[in-house]
Structure formats: structure tokens, C-alpha cells
Amino acid sequence: MAQRPIALAVQGGAGPISLESYKRNRPAIGEILGKTAPMLVDGASAMQVVEEAVRLFEKHPSFNAGVGSSLRYDGSVQLDATIMDGSTVMGAGVGAVSGVLYPVTLARYVLERTPHVLMVGEWAAQFARECGMELVADEELIVPERRRLWERKLAAKETPEDQVLSSGGTVGAVALDVEGKLAAATSTGGLVLSLQGRVGDSAILGAGTYADAHSAVSCTGVGESIMRVLMAKVCADAVVNGMSPQEAAELSVRVQGDNTPGTSGAIVVDNRGALGLAYNSENMYRGYFTPAEGVVVPE
Ligand code: ASP
């Protein structure tokens, strides 16, 4: 009997990424795939695998999620995340929440333990506490490089308006498991210098994250632009309408770029294990796993 297809793709953000940064952080993508691909091979669910991949990114100081998140205009850290199960078309997110090391897990708790789709701010943090999550001070999420970037931008008198043209990074994962189920998850510290209370696409199903019976999608880029075109849903609907994941990813990036400012990227997997990865920015941290190719992290 033919093996059932499985596949996994991850993204660590699209934007003005220099070749030097790309090369420096490329091994981390390989490591994250190296830890999560075997889970998929061993029969873990797509939901388990995307959550774990995003948690590994959130723990890694080089990526803009969890530890290593961007600083808001006032120097605080507020996080967005979503997770979505394509087999039930159920998903949930958190927006502008502080003190949470693993926002993707908090999003999963919102999905599993509440009837809601989105919880925000201090109430989401309170819910995290009720779920037994330990809350940390912003200092534990801020790394020196992000603080220096924030200081440089403030010194240059940049404003939140200046940031909507350049994304700060996001992390995400999409997977197809051995049972044919799809899932997607996304997490971010958002755009540097954004105002407190700003919520981006990574908290919104259909914008930064989407999954149904046909595909799972995670997007990165300027949230304000991605939300206005509902980029993840554009991508997922294109797969429903017969496009390959690669064509659908390219279409969604084009729809964003043609209609709204700034740049973006998308990763997508369909229910046959085909993958699509596209971006219209300088670069996108990305990689994938299929049984045929193994772990691939583009040069
Ligand atoms: N999409 C994220 C946001 O706007 C940032 C990014 O992906 O660069 O919050």
C-alpha cells in the first residue's frame, strides 16, 4: 500500500533580510525542522507538529516571536499568535498579549478551553495564568539586538507610520499529517515601534493563518497590508479552486503587493503534501520537509 503523504514547512519571517542574516539564521531553521519532522514521521498530529515548530521559534532569540520579539513604541512587548486545525476548521488566536513565552500554546488553549476565537491584552494574559502558564517580565523576552534596533529607530525619530512599509518578522508552520489532517500556526512580536494595543495579521484567522480540508497557510509581512486582503484565505481559496500550493502562494503574495503597501510571504501545504513558498520581499527565512526530499533549507 502506498505511504500516505506527510509534509511540513516553516517560515521565520519575510522582509528586508540581508544575505548575512539569512546565512546566520539558516541553521536554526534546519534544527527546528530536524526536531519536528521526525514527530510527523512518527505519527504526531499536524496540530502537535505546528505548535512545537512555532514554540521552538518562539524560544529562539533570533526570530521575532516569544524571546527576541520586537519592541513597541513605548518599549514594551506585545505578542500575537494563532493556530488552526484544518480538519475541523477551528482555530483561535491571541492578540497584544504580554509576558507569555509561548503565545502559540496560549492560542491553542483559547481554542480548546473557550468558545472564542480571539482573546486580547491583559485578559488574554489573565487567561494564560488561569491555564497555568507562567508569565514573565518583558525583560525576559527582549534581546539586546531588538532593543538596539528600537533605540536606533527612536533616535532617528521614526514613527509607527514609518514601520508599515517594513515587516519585523514572524514565525509560522504548516503541516499535513499521516491521517491527512492539515494545520497551521503563526506567532509574532509584531512591528517594531507599533502602538500598544496594535493587533496584526498573526492574530487573525484568514489573514496570517488559515487551514481547511484542502490546505494550511501561514503568512508573514506587514500585518496592516495582509489583514486588508485576508491573505491566508486568498491563498487557501486558490487551492480550493484548483491551484497548486506554489501557484496559490504566489497569487496571495501578488494580491497583497498589488493592493496594499509593504511586503509579505506565505507558506502553504495541501492535502496531498505539495508545498508552496513565496515572498515579494528581499528574502524569507524558510524551509520544509517531505519524505522524498528530507529537510530542505534553501541556500
Ligand atoms: N506579520 C507581522 C505583523 O504585522 C510581522 C511580520 O511578519 O513581519 O505583526
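Residues numbered from 1 in each chain as written. Predicted model: local features only at pLDDT ≥ 70, side-chain atom pairs only at ≥ 80, totals over all residues. Heavy atoms only, no water.

Draft legend 1. Main features of the overall build of the protein chain. Helix and strand counts for the protein chain come out as 9 helices and 12 strands. Since a compact globule built from 299 residues should have a radius of gyration of about 19 Å, the 17 Å found for the protein chain is in line with a globular shape. Taking the principal axes of the C-alpha coordinates as reference, the protein chain spans close to 60 × 40 × 35 Å. When burial is assessed residue by residue, the protein chain has 59% of its 299 residues classed as buried. Of the contacts made within the protein chain by residues no fewer than 6 positions apart, 70% connect residues no fewer than 24 positions apart. Surface exposure of the protein chain reaches about 12000 Å², of which carbon and sulfur atoms provide 53%. (Helix = DSSP H or I, 4+ residues; strand = E, 2+ residues; numbered from the N terminus. Rg over C-alpha atoms; globule rule 2.2 N^0.38 Å. Buried < 20%, exposed > 50% of the residue type's maximum accessible area, 1.4 Å probe, protein only. Contact = heavy atoms within 4.5 Å. Areas by Shrake-Rupley, 256 points an atom, 1.4 Å probe, with all protein chains shown as cover.)

Draft legend 2. Expanded view of a nonpolar patch on the surface. Together, V117, L118, V120 and W123 make up a nonpolar patch on the protein surface, roughly 380 Å² of accessible area in all. By secondary structure assignment, the location of V117 is in the loop between α3 (103-113) and β4 (118-120). You can call V117 partly exposed: its relative accessible area is 47%. (Patch = residues over 30% accessible without salt bridge, like charges linked within 9 Å, V, L, I, M, F, W, Y side chains within 5 Å. Salt bridge = Lys/Arg side-chain N within 4 Å of Asp/Glu carboxyl O.)

Draft legend 3. Fine view of the side chain of T170. With respect to the helices and strands, the residue T170 is situated in the loop between α6 (160-163) and β5 (171-176). The class of T170 is buried, set by a relative accessible area of 3%. A polar side-chain atom of T170 sits 3.4 Å from a polar atom in the side chain of T188. (Polar contact = N/O pair within 3.5 Å; in protein donor to acceptor, adjacent residues only side chain to side chain.)

Draft legend 4. Seen up close, helix α8 (residues 231-240). Listed as buried for α8 are M231, A232, C235, A236, A238 and V239. The buried side chains of α8 occupy one side of the element, clustering within an arc of 155 degrees when seen end-on. Against β7 (209-211), β8 (215-221), α7 (223-229), α9 (245-259) and β9 (264-270) lie the buried residues of α8. One or two residues past the end of α8 sits G242, with phi positive at roughly 105 degrees. (Arc of directions from axis to C-beta.)

Draft legend 5. How the structure looks around the state of the cysteines. Applying the stated criterion across every chain yields a total of 0 disulfides. With no disulfide of its own, C219 lies closest to C235 among cysteine sulfurs, the gap being 6.5 Å. (Disulfide = S-S within 2.5 Å.)

Draft legend 6. Structural view of the site of the ligand. In the vicinity of the ligand, 14 residues are found, and the nearest of them are G169, T170, D201, T220 and G221. In this structure, R198 approaches the ligand through a side-chain N or O atom, which is 2.8 Å from an oxygen atom. A distance of 2.8 Å separates an oxygen atom of the ligand from a polar side-chain atom of T220. The protein chains hide 100% of the 270 Å² of surface that the ligand would expose on its own. In a pocket analysis with a 2 Å cut-off to the grid points, the ligand is assigned to the largest cavity. Grouping the constituent residues of the shell around the ligand by class yields 2 nonpolar, 10 polar and 2 charged. (Near = heavy atom within 4 Å. 1 Å grid on protein atoms, 1.4 Å probe; cavity = no way out; pocket = protein on both sides within 12 Å on 5 of 7 lines; lining within 4 Å. Sits in = over half its atoms within 2 Å of the grid points. Nonpolar A, V, L, I, M, F, W, Y, C, P; charged D, E, K, R; others polar.)

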